[in-house]
Amino acid sequence: MTEPTAVVEITHTARKRLGPLGPAAGAVVGAWRAELERKQQPGRRVRVLDQGAEDWATRVEARADCPALSVMYVRLPHPAPPTCAIVSVVPDDTGDEDDKA
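Residues numbered from 1 in each chain as written. Predicted model: local features only at pLDDT ≥ 70, side-chain atom pairs only at ≥ 80, totals over all residues. Heavy atoms only, no water.

Participant: I'd love a proper account of the sheet that holds strand 1 (residues 7-10), names of residues and values included.
Facilitator: Judged by pairing direction, the sheet is mixed, and its five strands sit side by side in the order 1-5-4-3-2 without closing on themselves. Taken across any chain shown, the strands that pair with only one partner, and hence form the sheet edges, are strand 1 and strand 2 (44-48). Pairwise comparison of adjacent strand axes, ignoring direction, gives a mean angle of 25° for this sheet. In this structure, strand 3 (residues 54-60) lies alongside strand 4 (residues 69-76), joined through seven bridges in antiparallel fashion. (Pairing = 2+ DSSP bridges. Helix = DSSP H or I, 4+ residues; strand = E, 2+ residues; numbered from the N terminus. Axes fitted to C-alpha atoms, helices over the stretch in contact; angles between N-to-C directions.)

Encoded structure:
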């Protein structure tokens with residue numbers, strides 16, 4: 001098993017938003033959280049905040065019983081180990097509807 005490179009938690013607000021998306025979405029975000037613990041900053045940096053904190057965004061592809069998701073997280077690089085908080089999870093609506101018509 002790979003050692004974690006970051007400590008990652010899902011905020012209460014993000015968990016509340018996951019509820020209506022169903023258990024499959026919760027499982028997908030849980031798996032993505034574990035991936036975030038092992039990888040260095042997946043996604044794209046949106047902005048740098050005070051004292052080195054960073055906002056990051058990523059898209060999790062659609063899977064069975066789960067729409068594509070847009071996930072936002074905040075990364076605090078210091079003190080070590082880096083800490084991340086998944087702060088928002090919402091359905092990603094970047095054109096998938098065109099394929100379903």
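Participant: Lay out the nonpolar core with the relevant residues and their values.
Facilitator: Judged by nonpolar contacts, the single largest core of 20 residues is most densely connected at Val29, Trp32, Leu69, Val71, Tyr73, Ile86 and Val89. At the level of secondary structure, the elements contributing two or more residues to this core comprise strand 1, helix 1 (12-18), helix 2 (23-38), strand 3, strand 4 and strand 5 (83-91). A per-element tally of this core places helix 2 first, with five residues. Residues within four places of leucine 69 in sequence aside, it is in contact with Leu21, Ala25, Val28, Val29, Thr58, Arg59, Val60, Val89, Val90, Pro91 and Asp92. (Core = buried A, V, L, I, M, F, W, Y, C linked by side-chain atoms within 4.5 Å. Buried < 20%, exposed > 50% of the residue type's maximum accessible area, 1.4 Å probe, protein only. Contact = heavy atoms within 4.5 Å.)

Participant: Describe the pairing of strand 5, naming the residues involved and giving the relevant values.
Facilitator: With four bridges joining them, strand 1 and strand 5 adopt parallel strand pairing. Bridging across to strand 5, valine 8 finds its partner in cysteine 84. Following strand 4, the chain reverses through six residues before pairing antiparallel with strand 5.

Participant: Just give me the short version of the packing of aromatic side chains, but keep the residues and values in it.
Facilitator: By the definition in use, this model includes two aromatic pairs. In this structure an aromatic cluster arises from ring pairing among Trp32, Trp56 and Tyr73. (Phe/Tyr/Trp six-rings, centres within 6.5 Å; stacked < 30°, edge-to-face > 60°.)

Participant: Requested: an account of the side chain of threonine 58, with residues and values cited.
Facilitator: Within the secondary structure, threonine 58 is located in strand 3. Each residue touching threonine 58, except ones within four places of it in the same chain, is listed here: Trp32, Pro42, Gly43, Leu69, Ser70 and Val71.

Participant: Please set out the environment of proline 67 residue by residue, giving values where relevant.
Facilitator: Following the sequence through the fold, proline 67 ends up in the loop between strand 3 and strand 4. Proline 67 gets classed as partly exposed once you look at its relative accessible area, which sits at 33%. Along the primary structure proline 67 and arginine 44 are separated by 23 residues, whereas in three dimensions their C-alpha atoms are 20 Å apart.

Note that every value here comes from positions in space, so none of it alone points to a role or purpose.
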